[in-house]
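# A closer look at the structure
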Amino acid sequence: MLTNKRILLIIGGGIAAFKSLDLIRRLRDQGATVTPVLTKAAEEFVTPLSASALAAEKVYRDLFDLTDEAEMGHIELSRAADLVVVAPATADLMAKMAHGHANDLASTLLMATDKRVLIAPAMNVRMWEHPATQRNLATLQSDGVLVVGPDEGNMACGEFGPGRMSEVPDIVAAVDAALSDGPLKGKHVLVTSGPTHEPIDPVRYIANRSSGAQGTAIAAALRDLGASVRFVTGPASVPPPAGVEVVRVETAAEMAAAVDAAPHPTDAAVFAAAVADWRVENASGSKMKKDGSGNAPALEFAENVDILASVSKRTEGRPSLVVGFAAETDDVVANATAKRTRKGCDWIVANDVSPETGIMGGAENRIVLISQDGAEEWPRLGKDEVARRLASRIGEALTA
Ligand code: CTP
């Protein structure tokens with residue numbers, strides 16, 4: 001059931017738009033409130049009046065209507081929903097979403113929303129199979145967009161193959177799954193991710209090669225299990241996942257402060273960030289200049305607080321599960337096992353970050369999960385799959 005769930009339904013301009021009218025009815029039958037948004041092209045296929053009559057709600061249209069802005073701005077409209085559904089998602093809408101266009105109401109809402117987005121693609125089979133659409137699909141999926149369909153079958157254009165919009169009951173089931181309560185529903189999880197930047201002067205800093213990909217994937221996987229995720233991220237090269245609370249920081253000290261500011265108690269904390277061990281103590285407030293003498297400036301370092309160790313050793317408000325990472329280049333298991341004891345965390349996710357493994361900054365990871373029960377070697381997997389397996393283990397530990 002979808003009782004009290006609010007769906008923002010963006011109807012794109014395709015022949016399948018007629019099915020979206022039925023979708024409105026079926027979603028309402030399940031108890032949901034549906035606010036329809038029609039693209040200009042959609043109005044060629046269905047009328048605003050029929051969408052509004054079936055939804056028993058005001059329909060938002062791709063006309064820039066000042067009254068709409070006065071009633072409810074596009075930002076608010078995009079966030080008032082629990083889920084944004086795009087059905088039919090045309091090739092054009094998918095391209096706009098993948099490339100971040102915001103040149104009409106529908107695409108602007110999709111850019112402005114902080115909620116999850118589910119798309120039901122519908123288009124001609126050649127358009128679906130076109131490399132551009134497949135590239136856009138991959139981009140959207142890696143952005144965390146959920147996808148239902150398309151189905152295979154005879155199409156309105158007379159061709160056969162994948163491209164037909166999913167049947168309404170399948171879309172309703174996908175909406176249900178997207179909004180369902182996962183095993184981590186009600187649990188608060190903190191994830192740190194990405195590198196930190198430690199300034200030398202206003203234009204220079206010391207950084208590391210972490211992309212933030214593994215931490216981002218873990219946050220998304222925990223979110224998918226229903227957790228409320230607070231995502232504290234350094235300047236990563238991958239964007240943060242949708243549907244999590246994002247706190248952006250730059251330095252290790254800022255990351256430590258953001259972790260401490262987290263609402264306690266946190267049920268689990270995952271420290272995937274590659275935090276700088278040292279900061280430049282004599283960082284300059286203005287740009288350092290060559291003085292012509294040929295002498296290089298000497299940097300002095302001070303140790304940063306170890307965030308993982310300080311949270312692990314909390315006497316009050318310690319999360320019931322603390323997971324650290326160990327980036328090692330030698331004796332991975334021995335070093336990581338010692339690190340677990342030294343830092344006082346429950347699990348350590350150890351990985352070999354020697355350059356030849358291609359793990360740091362790459363798409364795959366090969367980890368050893370170290371707990372009090374010993375070391376468990378996982379096969380080399382995509383970072384998303386590592387994240388899913390780790391999130392599911394965290395789920396089991398928290399609900400045991
Ligand atoms: N970590 C942290 N705060 C720091 C340094 C590290 O929270 N100031 C966390 C990382 O997020 C990671 C774990 O500690 O979960 C281990 O990081 P790693 O760089 O492997 O270990 P170090 O503590 O730096 O130890 P070493 O450099 O001796 O390997």
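Definitions and cut-offs
- Every chain is numbered independently, its residues counted from 1 as its sequence is written.
- The model is predicted, so local features are restricted to residues of pLDDT at least 70 and side-chain atom pairs to those at 80 or more, both for listing and for counting; the totals for chains, interfaces and linings are taken over all residues.
- With hydrogens and water set aside, each side-chain value is computed from the structure's full complement of heavy atoms.
- To qualify as a nonpolar core, a set must consist of buried Ala, Val, Leu, Ile, Met, Phe, Trp, Tyr and Cys residues joined through side-chain atoms within 4.5 Å.
- Buried residues are those whose accessible area, probed at 1.4 Å on protein chains only, stays under 20% of the maximum for their type, while exposed residues exceed 50% and partly exposed ones sit between those limits.
- Secondary structure is summarised from DSSP: a helix means a run of H or I of at least four residues, a strand means a run of E of at least two, and numbering begins at the N terminus for each.
- Contacts were defined at the residue level, with two residues in contact if any of their heavy atoms lie within 4.5 Å.
- When DSSP finds at least two bridges between two strands, those strands are taken to pair.
- Lines fitted to the C-alpha atoms define the axes, with helices restricted to the stretch that makes contact. Angles between their N-to-C directions range from 0 to 180 degrees.

### Let's talk about the nonpolar core
- Of all hydrophobic cores here, the largest spans 32 residues; its most connected members are Leu-27 and Val-175.
- Elements that contribute at least two residues to this core include exactly β1 (6-11), α1 (17-29), β2 (33-38), α2 (48-55), β4 (83-89), β5 (116-121) and α9 (168-179).
- The dominant element in this core, judged by the number of residues it contributes, is α9, at 6 residues.
- When near neighbours in sequence (up to four residues on either side) are disregarded, Val-175 contacts Leu-2, Ile-7, Leu-27, Leu-83, Val-85 and Leu-118.

### Here we look at the sheet that holds strand β6 (residues 146-147)
- Taking strand neighbours across the sheet as the criterion, the 6 strands line up as β3-β2-β1-β4-β5-β6 in an open arrangement whose pairing is parallel. Each end of this open sheet is capped by a strand with a single partner; those strands are β3 (60-61) and β6.
- Here β2 runs beside β3; their pairing, made up of 2 bridges, is parallel. Of the residues in β3, the one forming a bridge with Leu-38 is Arg-61.

### Thoughts on the sheet that holds strand β12 (residues 228-233)
- Across the sheet, 8 strands lie side by side as β13-β12-β9-β14-β17-β18-β20-β21; this open sheet has mixed pairing. On the outer flanks of this sheet lie β13 (245-248) and β21 (374-377), each paired with one strand and no other. Ignoring strand direction, the axes of neighbouring strands in this sheet form an average angle of 15 degrees.
- The pairing of strand β20 (residues 367-371) with β21 spans 4 bridges and is antiparallel. In the sheet register, Ile-370 faces β21, and the bridge partner there is Ala-375.

### With respect to the environment of Val-246
- Following the sequence through the fold, Val-246 ends up in strand β13.
- Separated by 13 residues in sequence, Val-246 and Thr-233 place their C-alpha atoms 7.3 Å apart.
- Aside from chain neighbours lying at most four places away, what touches Val-246 is Phe-231, Thr-233, Pro-240 and Pro-241.

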